[in-house]
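Coordinates in review
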Amino acid sequence: MFFLGYLDLHKQMDNLVADYLGVEDAYTVPMGFATNSMNIPTLVGKVNMSELQGDERERERERERERERENNYTVQSEILRNILCAIE
């Protein structure tokens, strides 16, 4: 494997990472904007950002519903507590 700027030192690091992970081979890349914008999409394929954002909106709606359920439970608990105190 040859990449511009890929030195024997890089290959040694890749081998160490592969040995540590117990896999046949590994390829390390420096982190940064270029890694995120160029290498990762090549490895994982195209990602539709609107779908990811839609998933995030759905998760936020579910969190909001959970907060509403918790608030309703709190209000119901307080009402029940007041009724029991009035009975005693």
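Let me begin by describing the structure that accompanies this report. Predicted, not measured: the structure shown is a model, and the values here were computed from it. (Residues numbered from 1 in each chain as written. Predicted model: local features only at pLDDT ≥ 70, side-chain atom pairs only at ≥ 80, totals over all residues. Heavy atoms only, no water.)

**Examining the overall build of the protein chain**
Selection criterion: To qualify as a helix, a DSSP run of H or I must reach at least 4 residues; to qualify as a strand, a run of E must reach at least 2; elements of each kind are numbered from the N terminus. Residue burial considers only the protein chains on display, and all accessible areas are found by Shrake-Rupley using a 1.4 Å probe.
A count of helical and extended segments in the protein chain gives three helices and zero strands. Here the protein chain displays about 8,200 Å² of accessible surface, and carbon together with sulfur accounts for 60% of that area.

**Considerations on the environment of Thr-28**
Quick reminder of the rule: Note on exposure labels: buried denotes an accessible area under 20% of the residue type's maximum, exposed denotes more than 50%, and partly exposed covers the range between, all computed with a 1.4 Å probe on protein chains only. Throughout, a contact is declared for two residues whenever any of their heavy atoms are within 4.5 Å.
Residue position: Thr-28 is located in the loop between helix 1 (8-21) and helix 2 (33-44). The partly exposed category is assigned to Thr-28, whose relative accessible area is 25%. Along the backbone, Thr-28 and Asp-14 are 14 residues apart, and their C-alpha atoms lie at a distance of 6.0 Å. Those residues in contact with Thr-28 that lie beyond four places of it in its chain are Met-13, Asp-14 and Val-17.

By themselves, these figures tell us nothing about what the structure is for.
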